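Chain by chain, the residues:
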Amino acid sequence: MTQQDHSVSIVASGHTRFGRLNDTTLEDLIVEASREALDDAQVDANDIDQIFLGHFNSGMVPDGFPASLVLQADPGLRFTPASRCENACASGAAAVFAGINAIRSGAADLVLVVGAEKMTANSTADVTRALAGAGYQNDPREAGLSFPQVFGVAARAYQERYGDPLAAMARIAEKNHGNAMENPLAQMHRPLSFDECNTVSEQNPMIADPLRLTDCSLITDGAAAIVLASAERARDFPRQVAIRSAVQVNDLLPMNSRDFLAFEGPRRALSQAYQQAGVTLEDLHFAEVHDCFTIAELLIYEAMGLAPAGQGARALEDGTVFADGRLPVNLSGGLKAKGHPVGATGVSMHALAFRQLTGQAVGRARANAEMGLIFNMGGAAVANYASVLQAKRT
């Protein structure tokens, strides 16, 4: 690896179907995604220098020490250093960034990154309780909140400060379900109309006032993987997507220590990602962002710079974020409809962006896409990861 060029590229990807995969274990998911990424890279497993696994767990599976499960994918991976990364719902991006840093440091030339979660064997109540562990536990007012309740607080605060966001949230749900219809790997293949999403009903009950069922992401099993390469090693691969920037910003864990609606962590991560990549919002052709709840996607529009604070609905009203708009957001269907296997989400975003930028889009394609944005978030805007990817044409 040269000392002059510490750039990193994605050169291959793997991705399982997302959904309720009753006949699969966490190990099955990890192995499937890993094998597909290695096959896509057409490399000998012995060439992999390091492995990073994004996995949240929090008691959802008994596998408390899963990093070496990646070695089950190929005998050539035996004895390769493997580490697990956990940062709540951003565990996948944490693993991606660990791989990037390993290459930038000179410790590796070729890295396999995997993200995986097995969630659906648990009841909804048990999953909700497990995910709540990513909140602040030393204040009874916060420790007692589920994540739907946390983002319900955000939606109510938004309404009080700026006006009712519910119609915009319903538009986001409608958009993302429509996008997922084209994605064969997505969990939910069911179109939803605006009226269905905007109406509380037996099919769309209130989950945490004012969040309705259609405002919430899914409980999902799934895995994704990518192969990262140094500048020197990437030249051996026919498809390369350069990681132009990779920025992590962590904020305070207690919600009562900050203005949640300001989304300061996401704003900083996204702004610094643009700056590090030397780009503006106008240079981007698509974005995959963390729509754990529809109010989160609305706030991310504002953090991205698509609209001023309190005016995120404008990005929907003018069509910017739709599939045929200036900057489509969540062409994959997002967490809302593609699914949200927690540890896999950040890796999935990078894997599908890689395919989008190399002319192999899964589902809806953005024609002639050259540059994409990824934003993966852990907790209530606590762990924030933003990256800008660019196709490298040979």
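Higher on the page you've got the structure.
No experiment lies behind these values; they were computed from the predicted model shown.

Draft legend 1. Geometry of the pairing of strand β2 (residues 50-54). Counting buried positions over the five residues of β2 gives five, a clear majority of the element. Covered by surrounding structure in β2 are Gln50, Phe52 and Gly54 together with Ile51 and Leu53, the residues of both alternating faces. Looking at chain direction, β2 and strand β4 (residues 110-117) are connected through five bridges and run parallel. Paired with Gln50 across the bridge in β4 is Val111.

Draft legend 2. The arrangement of the pairing of strand β1 (residues 8-15) in detail. Buried residues dominate β1, accounting for eight of its eight residues. Two elements, β1 and strand β7 (residues 222-230), share seven bridges in a ladder whose sense is antiparallel. Opposite Val8, over in β7, you have Ser230 as the bridge partner. The pairing of β1 with strand β8 (residues 240-250) spans two bridges and is antiparallel.

Draft legend 3. Expanded view of the packing of helix α6 (residues 166-180) against helix α10 (residues 294-304). Where α6 meets α10, the closest approach of the two axes is 9 Å, and the angle between their N-to-C directions is 100 degrees. Relative to α10, α6 is oriented roughly perpendicular. Across from Ala168, Met169, Ile172, Ala173, Lys175 and Asn176 in α6, the residues of α10 making contact are Thr294, Ile295, Glu297, Leu298 and Tyr301. Considering only residue class, the contact of α6 with α10 consists of seven nonpolar, two polar and two charged.

Draft legend 4. Region of the structure containing the state of the cysteines. Per the stated rule, a full pass over the model turns up zero disulfides. Cys85 takes part in no disulfide bond, and the closest cysteine sulfur to it belongs to Cys89, at a distance of 15 Å. Unpaired in terms of disulfides, Cys216 finds its nearest cysteine sulfur in Cys292, a separation of 9.5 Å. Judged by relative accessible area, which is 9%, Cys216 ranks as buried.

Draft legend 5. Highlighting the sheet that holds β2. Strand order in the open sheet formed by nine strands is β3-β2-β4-β7-β1-β8-β11-β10-β9, with mixed pairing between adjacent strands. Either end of the sheet is taken by a strand with one partner, and the two such strands are β3 (82-85) and β9 (286-289). Strand after strand, the sheet turns through a mean of 25 degrees between neighbouring axes, direction not considered. Sitting on the sheet, helix α13 (residues 342-357) touches β1, β2, β4, β7, β8, β9, β10 (371-378) and β11 (383-392), and the angle it makes with β1 is about 110 degrees.

Draft legend 6. Focus on the nonpolar core. Counting 99 residues, the largest nonpolar core has Phe151, Leu228, Phe260, Ile295, Tyr301 and Met304 as the members making the most contacts within it. Tallying contributions element by element places helix α2 (residues 91-104) first for this core, with nine residues. Setting aside anything within four residues of it in sequence, one finds Met304 in contact with Leu270, Tyr274, Leu281, Ala287, Val289, Leu327 and Leu373. In this structure, Leu21, Leu53, Ala223 and Phe237 belong to the second largest nonpolar core, which totals 32 residues.

Draft legend 7. Structural view of the packing of helix α9 (residues 264-277) against α10. It is at 8 Å that the axes of α9 and α10 come closest, and there the two elements cross at 45 degrees. By the angle between their axes, α9 is oblique relative to α10. You can see that α9 and α10 cross each other, and the crossing is right-handed. Of α10, the residues touching α9 (which contributes Pro266, Arg267, Leu270 and Tyr274) are Glu302, Ala303 and Met304.

Draft legend 8. Geometry of the packing of aromatic side chains. Inspection of every chain in the model, using the stated rule, returns six aromatic pairs. Ring geometry for Phe151 against Phe293: centres 5.0 Å apart, planes inclined by 25 degrees, an arrangement best described as stacked. Here the residue Phe151 occupies a position in helix α5 (residues 147-162), and Phe293 occupies one in the loop between β9 and α10, the gap between them amounting to 142 residues. In terms of burial, Phe151 and Phe293 fall into one category: buried. Taken together, the ring pairs in this structure connect Phe147, Phe151, Phe260, Phe263 and Phe293 into an aromatic cluster. Against the face of Phe194 rests Arg171, its NZ or CZ located 3.8 Å from the ring centre.

Rules used in this analysis
- Residues numbered from 1 in each chain as written.
- Predicted model: local features only at pLDDT ≥ 70, side-chain atom pairs only at ≥ 80, totals over all residues.
- Heavy atoms only, no water.
- Buried < 20%, exposed > 50% of the residue type's maximum accessible area, 1.4 Å probe, protein only.
- Helix = DSSP H or I, 4+ residues; strand = E, 2+ residues; numbered from the N terminus.
- Pairing = 2+ DSSP bridges.
- Axes fitted to C-alpha atoms, helices over the stretch in contact; angles between N-to-C directions.
- Parallel < 35°, antiparallel > 145°, perpendicular 65-115°, else oblique.
- Contact = heavy atoms within 4.5 Å.
- Nonpolar A, V, L, I, M, F, W, Y, C, P; charged D, E, K, R; others polar.
- Disulfide = S-S within 2.5 Å.
- Core = buried A, V, L, I, M, F, W, Y, C linked by side-chain atoms within 4.5 Å.
- Left-handed = near helix turned anticlockwise from the far one by under 90°.
- Phe/Tyr/Trp six-rings, centres within 6.5 Å; stacked < 30°, edge-to-face > 60°.
- Lys NZ or Arg CZ within 6 Å of the ring centre and 35° of its normal.

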